[in-house]
Each structure stands twice: as C-alpha cells, then as structure tokens.
Amino acid sequence: MAYSDEQEQFDIDERKLVKVLESNIIESDLVSGTEISDQRGRNHELYSLDSLGNEKSNRSQHISADVMDAVESQKAMYLETFLSGRNVVKFMPENSEDTTAHLATSYVEHMFMHRNEGAKLLRDALHDAFVSKKCVVYTYWQEDSTMVTKSFEGLAAPQLQALQGQIAQEGGEVQAQQTGVGPDGIPVFSGEATVERDTSKVCVELLRPESFFRDPHAGDIKYASYVGWQEELPKYELIERGFDEEEVMNLRLDYRFRQNQEDHSRKSHDSSFGRNKLNNRADEAENVTVYCIFAYMNLENYAPTVSEDSVEGTKLYKFVFSSGQLLTQENGSKYTEVDEYPVHEWTQYPISHSEFGLCEADIQADIQWTKSNLLRMIIDNQAMTNTSRWKARHGFIKNPRELLENNIGSVVWMKDINQDLQPLPTNPLSPISMNVLETLEQEKEQRSGMSRLAKGLNADAVANQNADSMIERLTNASNRRVMRGVRDFAETFLKPLFIQMYNLGVENDSGEVMMEIAGEFQSMQPSSWPNRTLC
C-alpha cells in the first residue's frame, strides 16, 4: 500500500462526509451485528465450556468439550505446518536477472516472525478464524526510533576523537571524562555514547472480528467499496500515533455501533469483561472511540459548492473519524489517498459470493449441545441407580434425612418394622446410549476432517503389529480435508499478506538491515529492491 505524498486537497464538508461514512458502518452492522454476532457469541461460550442454559438443580452439569477439541486440533495442525522450522514464505525471481529473491524471503520472514511476533499472531488469528468466523489483519509502515546508549572506558584521545566523529555522523553525542593516565602517560577517557537508532518496521496488527466492518455485498474484500474497523484507545496513544492533540482531547467514547456483546461472550468464562470507565482516570488516559475506514469516494461531491459528479474522480481514501468529526492524520490532512486495501481476511469454510462463511465452532456447536445433554442423562441415570428414590408411608420413617443423604453404614429408624420400605425402580440405561455417543463422535470427525488417529487419540494405532510407515500413511489419509484448509490459508491469506509486507518495506525502509543468512550476517537495503508479485 502506497500513500500519495502529492495529492490534490479539497475543501470538504466534514459533517456531510462523516454522515456517509457512518451510513456505511450502519449498513455493515445490520448484517454482522445481528445473527452473525449471536453465532459468534455462542461459539465463544461453547469453546470456553460455559453453561448451556438448560441446567437443572441437583442434576449433572457436565459439558462436552467438542468445540474446544475440534478448534485446538485444527490449530495444532496449522501451527505445525507453518512453525515447524520450514520457510513460511519463499519469493520467486521476477525475471532472469532477479538475484534478490532469497534476500526478500529472509527480510519478510524476519519482519513477520521476529518484528511482529509471528507465532503469536498466527495462533491468535487462527483462533479468530475457527471461533469468530474470520481473522483480519491490518498492515502498515510504522516510523519509530529509539535511543541506544553504550558505555566505554579506557579510550585514548585519538580513539575518543574517532568515536566522536562516528557518533556525530549518526546524529548522536558522546559524554566523556578523563579517568586516568595510561602506561605511556597518555590520558584515557571513559563515558557514554548515545545514538538514535531507526526501529521503523512493517507492522501486522490483528483486528478483532467484531470490530471490523466492510461492504457486506462483496464476496471478496478486494471488491468491497469500503472496509474499516472500530477501536477504543486512550487519548495519549492517539497523540503518540501523530494525531492532533487539541482534536484528540475533545473526543469521547461512542457506543452507537457494536455494544461489545461478543467481547462479553469471549470473556464470560471468568467474568473479566467490563465497560470502559471514564471516572478515576487522568484526562489523557480516558478511552475514546475511533473509526478508521478506507472507502472509495469522489471528494469533489463533498465540497461546500456543488460540482458535477465525476466517476473519474472516485479514488480510495483513508479516513479516521471520532465523535462525528474527521481527525487530522499524520500527513496533516483530513484524508489520505491510498492505492489498495491494507487489510487481509480469511474464513475457514468460505461460501462463494458471501462475506461470511462457516468456522469450526459453527459446525460443532450442535454436536456439543447434543452430547452434553446425552451424557448428562447417562450420568443422572447412574446417580439414581446408586442413590435410590424410596416410597414410604408419611410419618413411617423417624429419620428420613438418612434416605436422602444415603450415607454408607447409616441406620434408618422405622416406627413399625412390619411395614414395607420399598425403593422406587430406576429405568435401566438404554443399551444403545453408548452407540449413540460413538455415532456423534464419528460425525464430529467427519465434520472437522480430523480423526482420532490424526489427533493422536487412538492408542490402537501404535500397537505392536502396526509399522511406523502404516501409522504415517493412516494419519496422512485422515487429515486431507484439514490440509485443504492449510493450503487455502497459505494461498489466499499468507501469500498476499507477505507480498504487501515486502512492498511496504521496499517503499519505506530506507535504511540498512543486518540479518543472518546461511550462517553469515549480511547488510541489505530493501529500498533498492524491485516490487514483487510472485510468492
């Protein structure tokens, strides 16, 4: 994604433009904020083994962990594929004269795995995809720097002068003082050298699925007329990102869109959800609601004076607004022209021409519900068999609590020993109950594509008569559907993400990058490389 440095600036009607941007959010919210949001909330609760809502007092509260089992098994397969030591990405030469493809591969892997904690990002992204229907990441270039201070001691005057010259070229400073005299009578110096190091990088940020919105009528994000997301950030963080301080300090929280029901479900397992509070916080630490949206617009239509519509004038712009007003961005403008969406999304089971598909939790939800209720009945039946119900004439038993508590070795005192005290019969467990459970387990495997053998849960597979090669063949044959998803994740999500990361580095990374390649440290200059499309 490239930002245009020289772009025509229009005097626009901010209120009119923000109204249109908000209408886009409302349109998306009408789709994803209703049934989609309910399904996501249900999936979070099933994954975290929350109560089903139909529990009865003094009965079994058992919950089958089918959603968690299926999701974690899928995550294990995906993460093993991409984090097992092999190259996550490999760029191919663009032409016969291209000799930097291997450098591009090392650069992007370094940026993704080390500068963006790629392992954690993949883990969390896959969790979103398997539970919340999709995962979404935002890529951008972040300008940053840090001050590095190193101490030195015992330097002679010529060495100190050389160090001062080197540090001065890098924009730093040296503080030194004489600490003694060397054996040859030459003064020696000690002190500190401070220099500013460029730590800018390509950032890959995982967005919350419930905070992300886009054109619901587009089956593919690249054909959407707008994409964006909502964030709740402290004011000081917005100021650090380069937004105008005076504008930021006048902002406030906004609960008009998305009431955080999904986040509530996500954290319901430990009741850690809580609305952001304005009280007992410093003014600069108060949270505010910010909307970042990329949309195709013709800004001439939002000028204070009426102008003719011009299709040729429709371009892709980035807007950031809050509390009904556009915020001044880092480039000093209310909007920034871009050439492509910096957002990538992935769905586990996509449905053609639809924004939302299905995820692992969706297809396992009813199985967890059914198995939980069936297992509860089995457990309750065994409990009633071991703790009988009794029939007795009123007033016949002197200490009926002993019947209720069923203590071992207790004595039940009766007023008339000749009267009968009879247990009520308990219906025997149905002989097909276990067969039904096994049928549900097989259906779970069929839906997920992960067999017990592939998950390592079949002990019979490692019996003495089974050779290692046979176990491997059986395991590989039992996870082909999962590998279909792995390939789809690599082709439709990781590949375009890595290409965009590389091109962002080429456009913005003007410094030198030191990396270890084939056991040797090499200096690279990404700004001298060509843009790439083959990965």
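Keep in mind that this is a model prediction, so the values were computed, not measured.

Cut-off values and rules
Numbering of residues begins from 1 in every chain and follows the order in which that chain's sequence is written. Local features are withheld for residues below a pLDDT of 70 in this predicted model, meaning they are given only at 70 or higher, and side-chain atom pairs are given and counted only at 80 or more; totals for whole chains, interfaces and linings count all residues. Excluded from the side-chain calculation are hydrogens and water; included are all heavy atoms of the structure. A pocket here means an open set of points on a 1 Å grid, computed over the protein atoms alone, that has protein on both sides within 12 Å along at least five of seven lines. A cavity is instead a set of points where a 1.4 Å probe fits but cannot get out; residues with an atom within 4 Å of a point line either one. Grid points are joined across faces, edges and corners, and a volume is the space filled by probe spheres set on the points. Elements are defined by DSSP. Helices are runs of H or I of four residues or more, strands are runs of E of two residues or more, and each kind is numbered from the N terminus. Residues are sorted three ways: Asp, Glu, Lys and Arg are charged, Ala, Val, Leu, Ile, Met, Phe, Trp, Tyr, Cys and Pro are nonpolar, and all the rest, Gly among them, are polar. By definition, two strands form a pair when at least two bridges between them are found by DSSP. Each axis is a line fitted through C-alpha atoms, taken for helices only over the stretch in contact, and angles between the N-to-C directions span 0 to 180 degrees. Contacts are residue-level and defined by heavy atoms, with any inter-residue pair within 4.5 Å sufficient. In summary, the pairing rule links any two rings of Phe, Tyr or Trp, Trp by its six-membered ring, whose centres are within 6.5 Å, and it sorts them by plane angle into stacked for under 30 degrees, edge-to-face for over 60 and tilted for everything else. Accessibility here uses a 1.4 Å probe with only protein chains present; expressed as a share of the type maximum, an area under 20% marks a residue as buried, one over 50% as exposed, and anything in between as partly exposed. In this scheme, Lys NZ or Arg CZ marks a charge over a ring once it lies within 6 Å of the ring centre and within 35 degrees of the ring normal. Oblique is the label for every angle not falling under 35 degrees (roughly parallel), over 145 degrees (roughly antiparallel), or within 65 to 115 degrees (roughly perpendicular). Two helices cross in a left-handed way if the nearer one is turned anticlockwise from the farther one by less than a right angle. They cross in a right-handed way if the turn is clockwise. Put simply, a salt bridge is a Lys or Arg side-chain nitrogen that is within 4 Å of an Asp or Glu carboxyl oxygen.

Undergrad: Looking at this structure, how should I read the layout of surface pockets?
TA: Summary: where empty space remains is shown by rolling a probe the size of a single water molecule over the atoms. Taken as a whole, the second largest pocket holds about 750 Å³ of empty space. Forming the boundary of the second largest pocket are 27 residues, of which Asp220, Ile221, Lys222, Glu345 and Thr492 lie nearest the centre. Sorting the residues of the lining of the second largest pocket by element identifies strand S12 (343-346) and helix H14 (480-508) as the ones contributing at least two each. Ranked by residue count, the leading element in the lining of the second largest pocket is H14, at 6 residues. When grouped by side-chain class, the residues that make up the lining of the second largest pocket number 10 nonpolar, 9 polar and 8 charged.

Undergrad: Honestly, the sheet that holds strand S2 (residues 145-156) in this entry has me stumped. Any pointers?
TA: The strands that make up a sheet are held in pairs by hydrogen bonds between backbone atoms, and each pair lies either parallel or antiparallel. Here we have 3 strands laid out as an open sheet, ordered S2-S4-S3, and antiparallel in their pairing. Across the chains shown, the open sheet's two edge strands, defined by having one partner strand only, are S2 and strand S3 (173-181). Between one strand and the next, the sheet's axes are offset by a mean angle of 15°, whatever the strand orientation. One ladder, built from 8 bridges, connects S3 with strand S4 (residues 187-198); its direction is antiparallel. What sits directly across from Gln175, in S4, is Glu192. Set on the sheet, helix H6 (residues 157-169) makes contact with S2, S3 and S4; between it and S2 the angle comes to about 165°.

Undergrad: Mind showing me how you'd approach the packing of aromatic side chains here?
TA: Each aromatic ring pair is specified by the distance between its two centres and by the angle formed by the two planes. Overall, the coordinates contain 19 aromatic pairs when judged by the stated rule. Ring geometry for Phe112 against Phe498: centres 5.0 Å apart, planes inclined by 80°, an arrangement best described as edge-to-face. Remark: Phe498 occurs in helix H14 and Phe112 occurs in helix H4 (residues 101-114); sequence separation between them is 386 residues. There is no split in this pair, since Phe112 and Phe498 are both buried. Both rings, one in Tyr138 and one in Phe294, keep their centres 6.4 Å apart while their planes meet at 55°; by these two values the pair is tilted. In this pair, Tyr138 sits in strand S1 (residues 135-142) while Phe294 sits in strand S8 (residues 287-297), placing the two residues 156 residues apart along the sequence. Take Tyr138: its relative accessible area is 7%, and that puts it in the buried class. Take Phe294: its relative accessible area is 0%, and that puts it in the buried class. An aromatic cluster of at least three residues, connected via ring pairs, comprises Tyr78, Phe82, Phe130, Trp346, Phe489 and Phe493. The ring centre of Phe356 lies 4.5 Å from the NZ or CZ of Lys134, which sits over that ring.

Undergrad: Explain the packing of helix H3 (residues 66-82) against helix H5 (residues 118-131) here, please?
TA: Helices that pack against each other are described as a pair by the angle of their axes relative to one another and the distance between those axes. Direction vectors running N to C along H3 and H5 enclose 140°, while the axes themselves pass 10 Å from each other. The pairing of H3 with H5 is recorded here as oblique in orientation. Considering the relative orientation of H3 and H5, their crossing is right-handed. On the side of H3, the interface is formed by Val71, Gln74, Lys75, Tyr78, Leu79 and Phe82, while H5 contributes Leu122, Arg123, Leu126, His127, Phe130 and Val131. Looking at the contact of H3 with H5 residue by residue, the class counts come to 8 nonpolar, 2 polar and 2 charged.

Undergrad: Before we go on, may I ask you to explain the pattern of salt bridges in this structure?
TA: It is possible for side chains bearing opposite charge to pair when their charged atoms get close. Applying the stated criterion to the full structure yields 28 salt bridges. Where Arg208 meets Asp263, a salt bridge forms, and the shortest distance between an N and an O atom there is 3.2 Å. Pair noted here: Arg208 is in the loop between strand S5 (201-207) and strand S6 (212-214) and Asp263 is in helix H9 (residues 261-266), with a separation of 55 residues, a long-range link. Two residues, Lys495 and Glu491, come together in a salt bridge whose shortest N-O distance is 2.8 Å. Taken as a pair, Lys495 and Glu491 lie in helix H14 at a separation of 4 residues, close to a single helical turn. By relative accessible area, Lys495 is classed as partly exposed at 25%. We classify Glu491 as partly exposed; its relative accessible area is 47%. Here the residues in one salt-bridge network are Asp66, Asp69, Lys371, Glu441 and Lys444, joined through shared partners.

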